[in-house]
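# Examining the three-dimensional arrangement
The residues making up each chain are set out below.
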Amino acid sequence: MVTQGRVWLCREMKRVFDQRYSETVISGTGAHQPWIHRKPSTMARKKIREYNSKQLLKAHLARLLGIELSLQVAQVTQSTNFTELIDQNRWLTTSKLVVKPDMLFGKRGKHDLVGLNLSIAEVEAFIKARMGKHVEIDGCAGAVTTFIVEPFVPHDQEYYLSITSQRMNNQISFSEHGRVSS
């Protein structure tokens, strides 16, 4: 039952994603009714930020399955006002936090870009010290401009989940080893 629900959820999420974000071509001219279809090329892959993926998952689990996730997650950019952020997310002051870039690249821990078990004041200092920092990871270079902040949960093991939407199906990858390495 749970597996069937997950498969259905993935198909439904793919359908919604395809409706909103798939590239379309309109062909036909003049008085003829135009035909709308996908480009015959392979489906483009577009990574999304961890913050956005969690918001999508929360919204669609609630809408499709009636499951309410109590996600506590905040996004910090260069223009974020920390006073306003705290006012909108009171949980930031009541627990220890984890902060990391939300920039679509891995190996963040190896580049001193992950802060664990921090207070909100420590998070703010951590982000200010790293905001705009130029990093190069696996041949890609750029400045860090977006961070994600969540409650710190002590744990011995971390898992990794990835969902890749493909033209005819979804690929769900799960690892018991997580993505954090020292």
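The following refers to the structure shown. Keep in mind that what you see is a predicted model, and the values were worked out from it rather than measured.

What counts, and at which threshold
Residues numbered from 1 in each chain as written. Predicted model: local features only at pLDDT ≥ 70, side-chain atom pairs only at ≥ 80, totals over all residues. Heavy atoms only, no water. Core = buried A, V, L, I, M, F, W, Y, C linked by side-chain atoms within 4.5 Å. Buried < 20%, exposed > 50% of the residue type's maximum accessible area, 1.4 Å probe, protein only. Helix = DSSP H or I, 4+ residues; strand = E, 2+ residues; numbered from the N terminus. Contact = heavy atoms within 4.5 Å. Phe/Tyr/Trp six-rings, centres within 6.5 Å; stacked < 30°, edge-to-face > 60°. Lys NZ or Arg CZ within 6 Å of the ring centre and 35° of its normal. Polar contact = N/O pair within 3.5 Å; in protein donor to acceptor, adjacent residues only side chain to side chain. Salt bridge = Lys/Arg side-chain N within 4 Å of Asp/Glu carboxyl O. Patch = residues over 30% accessible without salt bridge, like charges linked within 9 Å, V, L, I, M, F, W, Y side chains within 5 Å. Areas by Shrake-Rupley, 256 points an atom, 1.4 Å probe, with all protein chains shown as cover. Pairing = 2+ DSSP bridges. Axes fitted to C-alpha atoms, helices over the stretch in contact; angles between N-to-C directions.

### As for the nonpolar core
One finds L92, V99, V123, I127 and V149 to be the most contacted residues of the largest nonpolar core, which totals 20 residues. Element by element, the count of residues in this core is highest for helix α4 (residues 120-130), at 4 residues. Each residue touching I127, except ones within four places of it in the same chain, is listed here: V76, F82, V99, F147 and V149.

### Concerning the packing of aromatic side chains
Taken as a whole and judged by the stated rule, the model has 1 aromatic pair. Between Y159 and F174 the ring centres are 5.6 Å apart and the planes differ by 15 degrees, which places this aromatic pair in the stacked class. One end of the pair, Y159, is in the loop between β8 (146-151) and β9 (160-165); the other, F174, is in strand β10 (residues 170-175), with 15 residues separating them in the sequence. Y159 gets classed as partly exposed once you look at its relative accessible area, which sits at 48%. Against the face of F126 rests R130, its NZ or CZ located 3.7 Å from the ring centre.

### Topic: unusual backbone geometry
The phi dihedral of N117 falls on the positive side, at around 60 degrees, and the residue is not glycine. Assignment of secondary structure puts N117 in strand β5 (residues 115-118).

### Some thoughts on the side chain of E50
Along the chain, E50 falls in helix α2 (residues 50-65). A distance of 3.3 Å separates the side chain of E50 from the side chain of K100, its partner in a polar contact. Those residues in contact with E50 that lie beyond four places of it in its chain are K100, D102, R108, I148 and E150.

### Section: the pattern of salt bridges
According to the stated counting rule, one finds 6 salt bridges in the structure shown. Across the salt bridge formed by K54 and E150, the nearest N and O atoms sit 2.3 Å from each other. Remark: E150 occurs in strand β8 and K54 occurs in helix α2; sequence separation between them is 96 residues. Close ionic contact of R90 with D87 constitutes a salt bridge, the shortest N to O distance being 3.6 Å.

### Some points on a nonpolar patch on the surface
Judged by side-chain polarity, Y159, L161, I163, I172 and F174 come together as a nonpolar surface patch covering roughly 540 Å² of accessible area. Elements supplying a minimum of two residues to the nonpolar patch: β9 and β10. For I172, the position within the fold is in strand β10.

### Observations regarding the environment of E176
Mapped onto the elements, E176 comes out in the segment after β10. Once the C-alpha coordinates of E176 and L161 are considered, the two residues, 15 residues apart in sequence, prove to be 9.1 Å apart. Among residues more than four places away in sequence, those in contact with E176 are Q157, E158 and Y159.

### A short note on the sheet that holds strand β4 (residues 97-101)
Pairing in this open sheet of 4 strands is antiparallel, and the strands run β3-β8-β4-β5 from one edge to the other. Here the strands that pair on one side only, and so sit at the sheet edges, are β3 (74-77) and β5. Between one strand axis and the next, the sheet turns through 25 degrees on average, direction left out of account. Sheet analysis places β4 next to β8, joined by 5 bridges and oriented antiparallel. Paired with V98 across the strands is E150, a residue of β8. Packed on one face of the sheet, α2 meets β3, β4 and β8 and runs near 50 degrees to β8. Contacts between α4 and the sheet are confined to β3, β4, β5 and β8, with β5 contributing the most and set at about 160 degrees to the helix.

Note that all results are geometric; they support no functional claim without further evidence.
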